[in-house]
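# Observations on chain architecture
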Amino acid sequence: MESLKDTATRNGHELRDYSCTILGAVLARTASIYVQLGDGAIVVATEGGDDYAWVFWPQNGEYANSTFFVTQPGVEELLQIEAEGPPVDEIAIFSDGIERLVLNMSERTVHGPAFQPIFSWLATLEEDQSGLPSPVLESYLASKHINSRTDDDKSLVMATRRLAAVPENVEAAV
Amino acid sequence: MSFEQLPFVPPELVENPEPRCPCVLLLDTSGSMNGRPITELNSGLRTFKQELTSDAMAAQRVEVAIVTFGPVRVLSEFQSADVFQPPELTTTGDTPLGAAIMQALDLLDQRKAVYKAAGIAYYRPWVLLVTDGAPTDAYLAAAERVHQGDNNERKSFSFFAVGVEGADMSKLAQICSPHRTPVKLQGLSFREMFSWLSNSLGGVARSQPGTMVALPPPSGWSAV
């Protein structure tokens, strides 16, 4: 918090210019580390790889349109850190506008079928498409169907290190 | 736990898990509202329903309850806008404003408890008071409760008051939180008022964390 203030002062900004929530992940082959402050969520594939689970539940204040920001007092107590997560092959990080499409808010679970087809599709992409915004996903998130169910703020980052399943008879066909 | 507080989640909250923006309409149906005022108010309620349901998100997220006075009566419990049916109000009785405010705020507290038990997220609730008179009961305790709940620290609800011709505006100002001056209705433009209310609630119901909800100005229905 103090260093955030220092940075703001040094750059001639107000502290509130730095007001934001945080979602972060560092994934290694052997372990995973996650941080979160505020709303949105991180979802990862479970160990068997056939389902999905959230890392931290979105943090909201009393009201649906209130959350916590890095610039607020007492932020140290609110910051959530998971330093000893098991390795994962699939991860999705998303802002609050996506929450209601993929999380079951009353059961506090992940709606697996919302992610499964996107991850499968992701695994089929060529490596040179990695790191680029996907027009397919963009138009899906901008569709009328999605917009009737959510607010505008829909940021979604997904990553996989699974390879698409190759049909077994592929050699025979060649 | 009393018999009235059953531990079940109401079915409408299971079927529709959208976050809710509850709004209590606290409407004066005392004798003096008889005639054109009540006719226009009823017409305004129908506009309210139409406008809320023309907004897909507001239709599912805004919940409306109606308390009338006097005597104080919960005319309709919280219902999402798509289910809500505007009632046909008739006039009777005096203006027990204090008791009516208490009833409205009790309703809100109960609804919040239901949302919490059901795991439903919600927005800061609204109360809209409409009256053409002055309280005929003790109202200071109710005013105190409004001040305690509608301020920048507590933010338990937002309390708006609208005075129809003949309303005691200085008493309304006493009841409202100091930062929310009561608005005087221009003539009987209830339809314009409800159109504003629908827009404002729609704005709240799609608002996101960290952004202030800018309410549209009450132009077209408030007298200056």
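See above for the structure.
As the structure is a computational prediction, the values presented were derived from the model and not from experiment. (Residues numbered from 1 in each chain as written. Chains lettered and ligands numbered in written order. Predicted model: local features only at pLDDT ≥ 70, side-chain atom pairs only at ≥ 80, totals over all residues. Heavy atoms only, no water.)

## Examining the overall build of chain A
This is how it is decided: The helix count covers DSSP runs of H or I at least four residues long, the strand count covers runs of E at least two residues long, and both are numbered beginning at the N terminus. Contacts are assigned to residue pairs that have any heavy atoms within 4.5 Å of one another. Note on areas: Shrake-Rupley with a 1.4 Å probe; residue coverage comes only from the protein chains shown. The charge count treats Lys and Arg as positive and Asp and Glu as negative. His and the chain ends do not count. Every charge is mapped onto a representative atom, which is NZ of Lys, CZ of Arg, CG of Asp or CD of Glu.
When helices and strands are tallied, chain A shows seven helices and nine strands. For chain A, the C-alpha atoms occupy an extent of roughly 65 × 40 × 35 Å along the three principal directions. Of the contacts formed within chain A by residues at least 6 apart in sequence, a portion of 61% connects residues at least 24 apart. A total accessible area of about 10600 Å² is found for chain A, and carbon and sulfur atoms account for 53% of it. Distance between charge centroids for chain A: 5 Å, based on 11 positive and 27 negative side chains.

## Things to note about the overall build of chain B
The test is simple: Each radius of gyration is computed over the set of C-alpha atoms, and the globule rule expresses the reference value as 2.2 Å times the number of residues to the power 0.38. Partly exposed residues are those whose accessible area sits between 20% and 50% of the maximum for their type, while under 20% is buried and over 50% is exposed, using a 1.4 Å probe and protein chains only.
Scanning chain B from N- to C-terminus turns up seven helices and seven strands. Going from N to C terminus, chain B has its helices and strands arranged as α-β-α-α-β-β-α-β-α-β-α-β-α-β. For a compact globule of 224 residues, the expected C-alpha radius of gyration is about 17 Å, and chain B comes in at 17 Å, within 12% of that figure. The C-alpha extent of chain B, read off along each of the three principal axes, is 45 × 40 × 35 Å. For chain B, the proportion of its 224 residues judged to be buried stands at 54%. Between the centroid of the 18 positive side chains of chain B and the centroid of its 23 negative side chains there is a distance of 4 Å.

## Quick word on unusual backbone geometry
G70 of chain B follows F69 of chain B through a cis peptide bond whose omega is -10°. With respect to the helices and strands, the residue G70 of chain B is situated in the loop between β2 (62-69) and β3 (73-80). Here the bond from G70 of chain B into P71 of chain B is cis, since omega is -5°, no more than 30 degrees from zero. Along the chain, the position of P71 of chain B falls in the loop between β2 and β3. Phi at R108 of chain A takes a positive value of approximately 55°, unusual for a residue other than glycine. The residue R108 of chain A is located in the loop between β7 (103-104) and β8 (109-110) in this model. The residue K155 of chain B is not glycine, and still its phi comes out positive at about 50°.

## Looking at the environment of P113 of chain A
Turning to its location among the elements, P113 of chain A is positioned in helix α4 (residues 112-123). Each C-alpha atom of the pair P113 of chain A and L137 of chain A lies 16 Å from the other, and the pair is 24 residues apart in sequence.

## Quick look at the pairing of strand β1 (residues 22-27) of chain A
Residues and elements named next belong to chain A. Note the threshold: For two strands to count as paired, DSSP must find a minimum of two bridges between them.
Alignment of β1 against strand β2 (residues 32-37), held across six bridges, turns out to be antiparallel. Within the sheet, the bridge partner assigned to G24 lies in β2 and is V35. Linking two consecutive strands that pair antiparallel, namely β1 and β2, is a turn of four residues.

## Describing the sheet that holds strand β9 (residues 156-160) of chain A
Residue and element names in this part refer to chain A. The condition that has to hold: Axis definition: a line fit to C-alpha positions, over the contact stretch in the case of helices; interaxial angles, taken between N-to-C directions, run 0 to 180 degrees.
Ordered in space as β4-β3-β6-β9, the four strands form an open sheet in which the pairing is antiparallel. For this open sheet the edge positions go to β4 (52-54) and β9, each flanked by a neighbour on one side alone. Here the strands of the sheet are splayed against their neighbours by 15° on average, with no regard to which way each runs. Bridging between strand β3 (residues 41-45) and strand β6 (residues 90-94) involves four bridges; their strand directions are antiparallel. Counted as the bridge partner of A41 is F94 from β6. Where α4 meets the sheet, it contacts β3, β4, β6 and β9, and its direction lies at approximately 60° from that of β9.

## Section: the interface of chain A and chain B
Where we set the bar: When two parts are brought into contact, each loses some accessible area as probed by a 1.4 Å sphere; the total of that loss over both is the buried area. Here a salt bridge means any side-chain nitrogen of Lys or Arg lying within 4 Å of a carboxyl oxygen belonging to Asp or Glu. Polar contact is the term for a pair of N or O atoms within 3.5 Å; when the atoms are in protein, one must be able to donate a hydrogen and the other to accept it, and sequence-neighboring residues count only if both atoms are side-chain atoms.
Each side of the interface is counted separately: chain A has 19 residues, and chain B has 25 residues. Carbon and sulfur atoms make up 50% of the area that chain A and chain B hide from each other, which totals about 1500 Å². Where chain A touches chain B, the interface holds one salt bridge. Residue E62 of chain A is joined to K112 of chain B by a salt bridge in which the shortest nitrogen-to-oxygen separation is 3.2 Å. The tally of links between chain A and chain B comes to six residue pairs in polar contact (both at pLDDT 80 or more).

## Some words on the environment of S54 of chain B
Residue position: S54 of chain B is located in the loop between α2 (36-53) and α3 (56-61). For S54 of chain B and T131 of chain B, which are 77 residues apart along the polypeptide, the C-alpha to C-alpha distance reads 27 Å.

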